[in-house]
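Chain residues, written in single-letter form:
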Amino acid sequence: MFLTVFRRMKLLTHNMLTSHVKGVTNGYPLNIEAKDVRVQEVDFNPEFIARMIPKMEYEVLVQAAQSVGHLGNLPPELVTDYENNDEFLKEAHRVMMMVEVVEGSLVCPESGRKFPISNGIPNMLLNEDEV
């Protein structure tokens, strides 16, 4: 018996991607044009979520969740003492780890260059003339 596990682009991943097209000075955050978004159950790890929050741009996470229609109860601004706020950590976990973009594009905010997302994998490879 074979078990196939599909890993799709999570909003946590999106938060860390940027456009490196030649000449682009403002390649972050990438806009999401989602065609297929799914919510996949993932075990809740509050320590991991609390450690990741300071490493990411919270406002970008909120914008990404809103753009794919999965903002839910995520507050627009980072709550104080979030490390000890279980309700917030669960909502952040849902948005960061459970919302997955399966098909669509990431769009450079400056150049408009579209990076396709296929089977949950963003293709950030540049063409020869973009390097």
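No experiment lies behind these values; they were computed from the predicted model shown.

We now examine the overall build of the protein. Summing up its helical and strand segments, the protein has 4 helices and 5 strands in all. Starting at the N terminus and walking to the C terminus, you meet the elements of the protein as β-α-β-α-α-α-β-β-β. The 131 residues of the protein split such that 40% are buried. For the protein, the exposed area adds up to about 8,000 Å²; of that, 50% sits on carbon and sulfur atoms.

Moving on, we come to helix α3 (residues 58-67). Taken together, the buried positions of α3 are occupied by Y58, V60, L61, V62, A64 and A65. Close packing links the buried residues of α3 with α1 (11-14), β2 (31-39) and α4 (86-98). Residue G69 follows α3 closely and has a positive phi angle near 80 degrees.

Spanning 13 residues, α4 covers 17 Å between terminal C-alpha atoms, matching the ideal 18 Å at 1.5 Å per step. Of all 13 residues in α4, 10 are buried, a share of seventy percent or more. Those residues of α4 that sit buried are F88, L89, E91, A92, H93, R94, V95, M96, M97 and M98. Those residues of α4 hidden inside the fold are in contact with β1 (9-10), α1, β2, α2 (46-52), α3 and β3 (99-107).

Summed over all chains, the structure comprises 7 salt bridges. Of the charged contacts, one joins K114 and E33 as a salt bridge, the two residues approaching to 2.9 Å between their closest N and O atoms. Highlighted residues: K114 in strand β4 (residues 114-118) and E33 in strand β2, separated in sequence by 81 residues. Overall, E33 belongs to the partly exposed group, its relative accessible area being 36%. Salt bridges linked by common partners bring R8, K10 and E100 together as one network.

Attention shifts here to the side chain of E91. Here E91 shows up in helix α4. We classify E91 as buried; its relative accessible area is 14%. At 3.0 Å, the side chain of E91 and the backbone nitrogen of N73 are in polar contact. With near-sequence residues (within four places) excluded, E91 lies in contact with L71, G72, N73 and L74.

This part takes up the environment of V62. With respect to the element layout, V62 can be found in helix α3. Under the relative-accessibility criterion, V62 is labelled buried at 9%. On a C-alpha basis, the gap between V62 and M96 in space is 9.8 Å, while along the polypeptide they are 34 residues apart. With residues up to four places along the chain from it excluded, the contact list for V62 reads L71, L74, P75 and P76.

Here the focus is the packing of aromatic side chains. Inspection of the entire model under this criterion finds 2 aromatic pairs. Seen from their ring centres, Y58 and F88 are 6.0 Å apart, and the 45 degrees between their planes marks the pair as tilted. Here F88 lies in helix α4 and Y58 lies in helix α3, a separation of 30 residues in the sequence. For Y58, a relative accessible area of 9% puts it in the buried group. Ring pairing ties together the aromatic residues Y58, Y82 and F88, which thus form one cluster.

What counts and how
- Residues numbered from 1 in each chain as written.
- Predicted model: local features only at pLDDT ≥ 70, side-chain atom pairs only at ≥ 80, totals over all residues.
- Heavy atoms only, no water.
- Helix = DSSP H or I, 4+ residues; strand = E, 2+ residues; numbered from the N terminus.
- Buried < 20%, exposed > 50% of the residue type's maximum accessible area, 1.4 Å probe, protein only.
- Areas by Shrake-Rupley, 256 points an atom, 1.4 Å probe, with all protein chains shown as cover.
- Contact = heavy atoms within 4.5 Å.
- Expected span 1.5 Å × (residues − 1).
- Salt bridge = Lys/Arg side-chain N within 4 Å of Asp/Glu carboxyl O.
- Polar contact = N/O pair within 3.5 Å; in protein donor to acceptor, adjacent residues only side chain to side chain.
- Phe/Tyr/Trp six-rings, centres within 6.5 Å; stacked < 30°, edge-to-face > 60°.

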